[in-house]
Amino acid sequence: MFKHFGRSNILCICKRSYVRLVEVGLINPVKHIEKYETGQLFFHRIFGYRGVILFPWLARVYDRDVVVKAENAAGKDVKGKTHTYYQTLIDERDCPFIRAQTEAVTFLGNQDTSRSLYAIPGLDYVAQEDILPYTATEKQPLQHELFDKFLMYYPNKDPPFGAQETLRSWQKKNHPWLELSDVHKETTENVRVTVIPFYMGYRESQTNSVYWWRYCIRLENLGEQSVQLRERHWRIFSLSGTLETVRGRGVVGQEPVLSKKSPAFQYSSHVSLQAPSGHMWGTFRMEREDGHLFDCRIPPFSLESKPDDKFLDR
């Protein structure tokens, strides 16, 4: 977690294994419209980790809360609004202390015969409003195996880190499975669910083709009472005409508690279809401190494949 001390705007890190405050930098003005540049250091406003911006994505955000609040909204489609998200690196020193998976970016192997699933550690997608920029006082401001490969120090630049050619080449090569295009949001009884789906490619066999997606989900408690996720209930529709129902305890082996102290939890999972497109929707069964149970809606989202030629260079 980070702490903010008075007018000096000093940021500090508090390790959970012991209590020690370390000065790491000075807060910069927050940008609301203007984009942040590659190399900008930041704290994540929700999860508190140190990170650095690699490059921006323009996403269409479909917020069902806006439709619900609008007058005469019944029967109207949810219209997406363009919003800026950033591809970022997470400081590996902070990974053990955040409530988000740090290996959420996954993709299929390069070989058609391979069934392996590869993970890129320490990557995240961060919305503009979750960026709290700062200037570091440390000589080595961020620890990640890709930091020195992707970024170079420029003492007269602001921010003082800029993209190397390796970052631009990596972005171009990995664009298909990194690309963020749609974000879906919905709030039920002060619990907001945000879903970001990603297409991962497909596998061919002699009998069929299997298409794969990953989806990143953030749950955030906007209320005063703590809530705990108890169960998940998914409906998965495939263009092939099948409708699958999935029920289970918790998510990724956990039943996270969302409190005022730790209001958010983020995880990723995968789904496959024997068709190039489909839809997913569902609910999370939540339990409040007083035992009240309610179903938190997961906003419906599309699973869309991409033209094969985008994946020829993998």
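Here the structure is a predicted model, which means the values were calculated and not measured.

## Quick notes on the overall build of the protein
- Helix and strand counts for the protein stand at three helices and 21 strands.
- The buried share among the 314 residues of the protein stands at 48%.
- When contacts within the protein are restricted to residue pairs at least 6 apart in sequence, long-range pairs at least 24 apart make up 65% of them.
- Accessible surface computed for the protein: about 16500 Å², of which carbon and sulfur atoms make up 49%.

## Points about the pattern of salt bridges
- As enumerated under the stated definition, the model contains 20 salt bridges in all.
- Its salt-bridge partner being Glu 255, residue Arg 249 comes within 3.2 Å of it at the nearest N-O pair.

## Let's talk about the nonpolar core
- Leu 54, Tyr 85, Ile 120, Leu 123, Trp 170, Leu 178 and Leu 180 are the most contacted members of the largest nonpolar core, which has 34 residues in total.
- Per-element accounting of this core gives the leading share, six residues, to strand β5 (residues 50-63).
- Within the second largest apolar cluster, 27 residues are counted, among which are Tyr 211, Tyr 215, Leu 229 and Leu 303.

## Here's the deal with the pairing of strand β20 (residues 277-288)
- Direction of pairing for strand β16 (residues 227-238) relative to β20: antiparallel, over a ladder of 11 bridges. Among the inter-strand pairings, Gln 228 is bridged to a residue of β20, identified as Glu 287.
- The sheet contact formed by β20 and strand β21 (residues 293-304) spans 10 bridges and is antiparallel. Each bridged residue has a counterpart across the sheet, and for Gly 278 the counterpart in β21 is Leu 303.
- Hairpin connection between β20 and β21: a loop of four residues separates the two successive antiparallel strands, and Gly 291 in this loop has a positive phi of roughly 90 degrees.

## What about the confidence of the model for the protein?
- Averaged over every residue, the pLDDT of the protein is 86; the share at 70 or more is 84%.
- For the protein, the element scoring lowest by mean pLDDT is strand β1 (residues 2-5), at 46; β16 scores highest, at 98.
- Segment residues 3-11: pLDDT under 50, and 25 contacts once partners within four positions in sequence are set aside and those in other chains are kept.
- Low confidence marks residues 309-314, where pLDDT is under 50. Its contacts with residues over four positions away, or in another chain, come to 14 contacts.

## Brief notes about the environment of Gln 87
- Among the secondary structure elements, Gln 87 is positioned in strand β6 (residues 81-90).
- For Gln 87, a relative accessible area of 0% puts it in the buried group.
- Separated by 38 residues in the primary sequence, Gln 87 and Tyr 125 place their C-alpha atoms 5.0 Å from one another.
- Residues contacting Gln 87, with those up to four places away along its chain left out, are Val 52, Ile 53, Leu 54, Phe 55, Trp 57, Leu 123, Asp 124, Tyr 125 and Leu 178.

## What to know about the environment of Asp 91
- If you trace the backbone, Asp 91 turns up in the loop between β6 and β7 (105-108).
- The sequence separation of Asp 91 and Gly 51 amounts to 40 residues, and the corresponding C-alpha distance is 5.6 Å.
- Ignoring sequence-local partners within four residues, the contact set of Asp 91 consists of Arg 50, Pro 141, Leu 142 and Gln 143.
- At 2.6 Å, the side chain of Asp 91 forms a polar contact with the side chain of Arg 93.

## Points about the packing of aromatic side chains
- Evaluated as defined, the whole model comprises 16 aromatic pairs.
- When the centroid spacing of 6.1 Å and the interplanar angle of 65 degrees are considered together, the rings of Phe 42 and Tyr 49 count as edge-to-face. Here Phe 42 and Tyr 49 have matching classes, each one buried.
- Three or more aromatic residues joined by ring pairs form one cluster here, namely Phe 55, Trp 57, Phe 150 and Trp 170.
- Positioned over the ring face of Phe 198 is Arg 214, at 4.1 Å from the centre of the ring.

Rules of the game
Residues numbered from 1 in each chain as written. Predicted model: local features only at pLDDT ≥ 70, side-chain atom pairs only at ≥ 80, totals over all residues. Heavy atoms only, no water. Helix = DSSP H or I, 4+ residues; strand = E, 2+ residues; numbered from the N terminus. Buried < 20%, exposed > 50% of the residue type's maximum accessible area, 1.4 Å probe, protein only. Contact = heavy atoms within 4.5 Å. Areas by Shrake-Rupley, 256 points an atom, 1.4 Å probe, with all protein chains shown as cover. Salt bridge = Lys/Arg side-chain N within 4 Å of Asp/Glu carboxyl O. Core = buried A, V, L, I, M, F, W, Y, C linked by side-chain atoms within 4.5 Å. Pairing = 2+ DSSP bridges. pLDDT = per-residue confidence, 0-100. Polar contact = N/O pair within 3.5 Å; in protein donor to acceptor, adjacent residues only side chain to side chain. Phe/Tyr/Trp six-rings, centres within 6.5 Å; stacked < 30°, edge-to-face > 60°. Lys NZ or Arg CZ within 6 Å of the ring centre and 35° of its normal.

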